[in-house]
Amino acid sequence: MRVVMVDGFSSGKFLAKQLKDEGCVLVHVASSDTLDSYYYKGFDCALYERMIVNRDVEMTLAQLQRFKPQFILAGAETGVLLADRLNEQLQLPYRNRFDKTNARRNKYEMIQCITQAQLPAARQFVADGWEPVKHWIGEHGRFPVVIKPLESAGADGVFICEDMYACKAAVERLLGTTNKLNIPNTQVLIQEYLAGREYVVNMVSLNGRQLVTEVVRYRKQRTASGGILYDIDELIGPDTPVYSILVDYTRAVVRCLGIRNGPSHAEVMLTEDGPKLVEIAARTDGILRPGVSKLTTGLGQIDAVVLSLMQPAAFEQRSAGEVGYQRLQHTYNVCLINRSEGYFEKDVFLRELLKLESFFEAVFYVENGQRIGVTQDVFSQPGTVYLVHPDPAVIEADYRRIRTLELQGTYLAAR
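What comes next concerns the included structure. Computed from a predicted model, the values in this text were never measured in an experiment.

### As for the overall build of the protein
- On a plain count of helices and strands, the protein comes out with 12 helices and 19 strands.
- Against the 2.2 N^0.38 benchmark of 22 Å for 415 residues, the protein shows a C-alpha radius of gyration of 21 Å, consistent with a compact globule.
- For the protein, the spread of C-alpha atoms along the three principal axes comes to 55 × 50 × 45 Å.
- Here the protein, with 415 residues, has 60% of them falling under the buried criterion.
- Across the protein, every contact between residues at least 6 apart in sequence was considered, and the portion connecting residues at least 24 apart equals 68%.
- Accessible surface computed for the protein: about 17500 Å², of which carbon and sulfur atoms make up 48%.

### Let's talk about the sheet that holds strand β5 (residues 124-127)
- In spatial order, the strands read β5-β8-β6-β7; together these 4 strands make up an open sheet with antiparallel pairing. Two strands lie at the open edges of the sheet, namely β5 and β7 (159-161), each paired on one side alone. The sheet shows a mean angle of 25° between the axes of neighbouring strands, direction not considered.
- With 5 bridges connecting them, strand β6 (residues 145-149) and strand β8 (residues 188-192) associate as antiparallel partners. Directly across from P149, in β8, lies its bridge partner V188.
- Running over the sheet, helix α4 (residues 107-116) touches β5, β6 and β8 and is turned about 145° from β5.
- Against the sheet, helix α5 (residues 130-140) touches β5, β6 and β8, its axis set at about 5° to β8.

### Some details on the pattern of salt bridges
- With the rule as written, the count across this model stands at 20 salt bridges.
- One salt bridge connects D99 with R97, and the closest N-O pair in it is separated by 2.6 Å.
- Looking at R97, the relative accessible area reads 37%, which means it is partly exposed.
- The salt bridge partner of E279 is K148, with a shortest N-O separation of 3.5 Å. Here K148 lies in strand β6 and E279 lies in strand β13 (residues 274-281), a separation of 131 residues in the sequence.

### Remarks on the sheet that holds strand β15 (residues 342-344)
- Strand order in the open sheet made by the 3 strands is β17-β15-β19, with antiparallel pairing throughout. Among the strands making up the open sheet, the edge pair consists of β17 (371-372) and β19 (412-413).
- With 2 bridges connecting them, β15 and β19 associate as antiparallel partners. When the bridges of β19 are listed, Y343 appears paired with A413.

### Considering the nonpolar core
- Grouped together as the largest cluster of nonpolar side chains are 92 residues, with contacts concentrated most on L19, I72, L73, I114, V215, L277 and I280.
- When residues in this core are grouped by element, the largest group, 8 residues, is from helix α7 (residues 243-256).
- Core analysis: the next-biggest nonpolar cluster, separate from the first, contains 21 residues, L336, L356, F359 and I402 among them.

### Let's talk about the environment of C167
- Tracing the backbone shows C167 in helix α6 (residues 164-174).
- Taking relative accessible area as the criterion, C167 reaches 0% and is therefore assigned buried.
- Sequence-wise, C167 and Q124 are 43 residues apart; in three dimensions their C-alpha atoms are separated by 14 Å.

### Here's the deal with α5
- By the burial criterion, the buried members of α5 are W130, V133, W136, I137 and H140. The arc that holds the buried residues of α5, viewed along the axis, is 125°, so those residues lie on one side. Turned more than 90 degrees from where α5 packs its buried face, E131, H135, G138 and E139 sit exposed.
- If you follow the buried residues of α5, they end up packed against β5, β6, α6 and β8.

### Section: the packing of aromatic side chains
- Overall, the coordinates contain 15 aromatic pairs when judged by the stated rule.
- Here Y39 and F379 contribute two aromatic rings whose centre-to-centre distance is 6.5 Å and whose plane-to-plane angle is 70°, an arrangement assigned as edge-to-face. Taken together, the positions of Y39 in the loop between β2 (25-30) and β3 (50-53) and F379 in the loop between β17 and β18 (383-389) put the pair 340 residues apart, joining distant regions of the chain. The two residues Y39 and F379 agree in class, both being buried.
- What links up through ring pairs into an aromatic cluster is the set F9, Y39, Y40, F43, Y48 and F379.
- If you follow R371 out to its NZ or CZ, it ends over the ring of Y343, 5.2 Å from the centre.

Scoring rules and cut-offs
Residues numbered from 1 in each chain as written. Predicted model: local features only at pLDDT ≥ 70, side-chain atom pairs only at ≥ 80, totals over all residues. Heavy atoms only, no water. Helix = DSSP H or I, 4+ residues; strand = E, 2+ residues; numbered from the N terminus. Rg over C-alpha atoms; globule rule 2.2 N^0.38 Å. Buried < 20%, exposed > 50% of the residue type's maximum accessible area, 1.4 Å probe, protein only. Contact = heavy atoms within 4.5 Å. Areas by Shrake-Rupley, 256 points an atom, 1.4 Å probe, with all protein chains shown as cover. Pairing = 2+ DSSP bridges. Axes fitted to C-alpha atoms, helices over the stretch in contact; angles between N-to-C directions. Salt bridge = Lys/Arg side-chain N within 4 Å of Asp/Glu carboxyl O. Core = buried A, V, L, I, M, F, W, Y, C linked by side-chain atoms within 4.5 Å. Arc of directions from axis to C-beta. Phe/Tyr/Trp six-rings, centres within 6.5 Å; stacked < 30°, edge-to-face > 60°. Lys NZ or Arg CZ within 6 Å of the ring centre and 35° of its normal.

Right, dumping it as structure tokens:
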């Protein structure tokens, strides 16, 4: 089987590895020659027969036509639009509705699309300057509000603003800059703040039928400037009362946005009025690790994508069930939050982690000796610690120990 990975970064690295292990022949397409170096951390070019850098879509298409791919997949958010375009040009069957491609990336169009379909969603406004933003907030009449780029990922450039001063500062901070997806912020999106508990609903679709692979409860923290830090991802079981509410809503969102084949990663706020979409992406959840999935659900989103490609009949059989997965063990994905500047040194920290009863794996995004600052967003988090255990109390205790170690500066070297 011949597969093209567009920007096989983030969790796309693991998707590519599993496809390679299944005997697939892979070609990698980098969506641009100006991608942030953040994406290349841990990237293994040995998985691929050929590496292509997209500088001209027609030239890229010509190269791919010679390869004759059967599937084209986006490995990370940066590759979603190009993967859609290549799939459409080559008319591959495992693709999504092309007329909704921009609505799957542009957050304003995304919410407009589901609102027009009469799905619950946040009020919103888009502008290219402060004055119209100020006018909309005045009419909206309440704080906080959320200000963010039209196209970004990982809470990059997302601010929760409690007053007009914070709103103006956020708008000025965003406009005229380039986000981590290498997209210029020429406009900003202002949205109603959704009060409630935030969840992730991960699915994989095949011919318009979805298999639920994870429903996760988020815990986040706010920075002093109103930015968002990821704290914990906690897998919930299908027996949780909110599971079916979240899943039913997300299925409707997925259908509305034309996601017919492949993964989707939705962030949904469960408000007192019911679920409302924060945003959705047509790619795998970036924090996933197949080893954790095997212990906690048996089949995670990455495995499910591979199953949909390699064994579509088996996938369809699984997706026919009412419940997508069973929670076999509890798990936290703990996003590290560095509190002071210094030089990263993992050895002592890792020794302490190995003492934790629920410790499964630690993934670091920085190297020993590298200078790191105070964590401001997902792109400046030093790493993720994966905890797995049958007893949630053990996991919670181990989580608190990790935060204590951070406050003590355990992964910062004395200089």
